[in-house]
Structure formats: C-alpha cells, structure tokens
Amino acid sequence: MKKYIILIAITLTSFLGFTQNAYQDGEFFKFQISYGFINAGVATLHLKETTYNGKKVYHAKGHGYTTGVTKRIFRVEDDYQSYFDVKTGKPYRYIRKIDEGGYTKNEEGFFQYESNRVHVKNHKHKTEKYVSISNSNIQDIVSSFYYLRNHNKLDNLKTGETIEIDMFFDEEVYKFRLKLLGKEEIKTKFGKVKTLKFRPYVQAGRVFKEEESLTIWVSDDANRIPLKVQASLFVGSLKAELVDYKGLKHKTIFKK
C-alpha cells in the first residue's frame, strides 16, 4: 500500500495542452498523507525553471516519505523527477528512485521522439532497454500532473465527460482516463473551497478495490490546485490533503 503514496499524491491529484499556464517557476505543494486515522507520510512537489540540452524546461521534483509510527513499521523514501518543455509540456527525461520497505528501484528514462521510443536505464541492475511509443503525445508520471492542469478541454468539460492521455510508467504506456463528476465545495485547512471533482480510472485487483476507487478534488480557479485525494484500498483507505503551498501563478480563491 505504501508503494502508492507518492503515486497517489502526484499522479492522481493533477488533472486538468496549454491554453494558459496554471503554474510557474517556484511553485511548491506539500501534502499530508493519512491511512485511516494515522498520519502516514508527506509528499511534496517543487517546480523550477532551468535548461536541459539547450532547451528551456521545467524541472519538477516529487518527494514522498513515511513519518512517525508508519516510518518505523514501513519506511518509504521516494524520489520522482521530470524535465519537460516549458512551452509544449513534452517530457524529455524522468527519474524514479524509490525505497519502499526494502523494495528499491533506481531508473531514469529519456524520451527520443525522433525515433518514437524511450531509452530506459535501470541503474540498480545496470541494464538498458528501448521501449517503443506510438506517438510524441505522451507524458511521464510527474509531467502529467502539470500537463493536465493546463488541458485545453478542461474549461468546456461537462459532468460525466472524460479526458484521456498516454502515460509512460514502469516501462509501459498506459491509457490514463479521468472523468469529471461535477463541482463541489469542500472543507480544507484553508477554509471552504469550490472544487472540481474527478474520478481517475485505475487498475483494479492489486491495490485498489475497483476501477473507481479514487476521487480527486482540485480548486475551481486558474491554478487548478490539487486539494484532496481519497482512495479505497483492499485494506482501509488512503487520503492526501494539501497542507502548504507557495509560488502560485494566479490569485487563489482561498487564503492561508
């Protein structure tokens, strides 16, 4: 279960092309993750503008880790990173370093659009492979968070309609689908906030009870701030809530 802490806090809290940028250099989010009534961990996301191979990019860094009692029982230390184009949102490189109760992975991938493939380097096993991709419209797990927040379909999306993207994860391409459930005002640390409520479709059977086990709320403003994620697991439930932020591009609909 803990294996999915950073995955939930990052990939499943962001949904929402490029009509106007919902973010900027210096944006930062911090999430408190709880398992039932227990504070299980923390996840952070930090965005910085830089250059990569002569291109202007954003470097996004996601860090997830267990805390308190949970850390003593099951230690998690996850590092997810992505370098993606400032203008198009296309990812050029991703990094995934995880340590979850002794299960470790140290991998990075390089998107080679001219040959429609991803060069994956497994540093743990000192191996390399090339994975074919059908087109250049693909995201990694971290870049998808930012790409979806700007999706040009979002402003006109109606309740019950979906957004779909190709996502590269674990050396495979997945169809990631997200349905708008409607609008809802929820209670947060920052007061009551008007939100867009989404249902991402996930793989059922291993961790989640069913395809519709996840619910996500994002602020209904130009920032598309991820505020809350709720997941029903085979054993208990997992929740991620925004507890701190800084560097927002647009004026927010709530205050600290």
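Residues numbered from 1 in each chain as written. Predicted model: local features only at pLDDT ≥ 70, side-chain atom pairs only at ≥ 80, totals over all residues. Heavy atoms only, no water.

Caption draft 1: Structural view of the pattern of salt bridges. What the rule picks out here adds up to 13 salt bridges. In this structure, E77 engages R75 in a salt bridge whose closest nitrogen and oxygen atoms are separated by 3.8 Å. Taking the relative accessible area as the measure of exposure, E77 reaches 27% and is therefore partly exposed. Judged by relative accessible area, which is 38%, R75 ranks as partly exposed. The residue D99 makes a salt bridge to R75 at a minimum N-O spacing of 3.3 Å. Separated by 24 residues along the polypeptide, D99 in strand β5 (residues 91-100) and R75 in the loop between α2 (68-73) and β4 (76-85) bring together distant segments of the chain. D99 sits in the partly exposed class, given a relative accessible area of 24%. The network of salt bridges with shared partners includes D155, K183, D220 and R224. (Salt bridge = Lys/Arg side-chain N within 4 Å of Asp/Glu carboxyl O. Buried < 20%, exposed > 50% of the residue type's maximum accessible area, 1.4 Å probe, protein only. Helix = DSSP H or I, 4+ residues; strand = E, 2+ residues; numbered from the N terminus.)

Caption draft 2: Structural context of empty space enclosed by the protein. Here the largest cavity defines a volume of roughly 70 Å³. Lining the largest cavity we find Y80, Q81, Y94, I95, R96, E107, D140, I141, V142, F168, F169 and D170. Elements represented by at least two residues in the lining of the largest cavity include exactly β4, β5 and β10 (162-169). Sort the elements by how many residues they give to the lining of the largest cavity and β5 lands first, with three residues. Partitioned by chemical class, the residues of the lining of the largest cavity number seven nonpolar, one polar and four charged. (1 Å grid on protein atoms, 1.4 Å probe; cavity = no way out; pocket = protein on both sides within 12 Å on 5 of 7 lines; lining within 4 Å. Points joined across faces, edges and corners; volume = space filled by probe spheres on them. Nonpolar A, V, L, I, M, F, W, Y, C, P; charged D, E, K, R; others polar.)

Caption draft 3: Local environment of the packing of aromatic side chains. All chains considered together, the criterion is met by 15 aromatic pairs. Each ring, one from F29 and one from F31, has its centre 6.2 Å from the other, and the planes form 55°; the classification is tilted. F31 shares its class with F29; the two are buried. Both rings, one in F111 and one in Y113, keep their centres 6.0 Å apart while their planes meet at 15°; by these two values the pair is stacked. Across the pair, Y113 and F111 agree in class, each one buried. Feature note: the residues Y23, F29, F31, Y58, F84, F145 and Y146 constitute an aromatic cluster, connected by ring pairs. Between K90 and the ring centre of Y113, over which it is positioned, the NZ or CZ distance is 4.1 Å. For R117, the ring lying beneath its charged end belongs to Y130, and the centroid distance is 4.0 Å. (Phe/Tyr/Trp six-rings, centres within 6.5 Å; stacked < 30°, edge-to-face > 60°. Lys NZ or Arg CZ within 6 Å of the ring centre and 35° of its normal.)

Caption draft 4: Molecular detail of unusual backbone geometry. Positive phi, close to 50°, is recorded for N116, a residue that is not glycine. Here N116 shows up in the loop between β6 (103-112) and β7 (117-122). Residue N116 is classed as partly exposed on the basis of its relative accessible area of 34%. The phi torsion at K126 lies on the positive side, around 55°, for a residue other than glycine. Mapped onto the secondary structure, K126 falls in the loop between β7 and β8 (127-132). For K126, a relative accessible area of 74% puts it in the exposed group.

Caption draft 5: A look at a nonpolar patch on the surface. There is a patch of nonpolar side chains on the surface, built from V69, I73 and F74 and spanning about 290 Å² of accessible area. For I73, the location among the structural elements is in helix α2. On the basis of relative accessible area, I73 is assigned to the exposed category, the value being 67%. (Patch = residues over 30% accessible without salt bridge, like charges linked within 9 Å, V, L, I, M, F, W, Y side chains within 5 Å. Areas by Shrake-Rupley, 256 points an atom, 1.4 Å probe, with all protein chains shown as cover.)

Caption draft 6: Seen up close, the pairing of strand β3 (residues 55-66). For strand β2 (residues 38-52) and β3, the ladder comprises twelve bridges, and the chain directions are antiparallel. Bridging across to β3, H46 finds its partner in K61. Two successive antiparallel strands, β2 and β3, enclose a turn made up of two residues, where N53 displays a positive phi of approximately 50°. Sheet topology places β3 next to β4; nine bridges connect them, and they run antiparallel. Bridging from a neighbouring strand, Y58 pairs with F84 of β4. (Pairing = 2+ DSSP bridges.)

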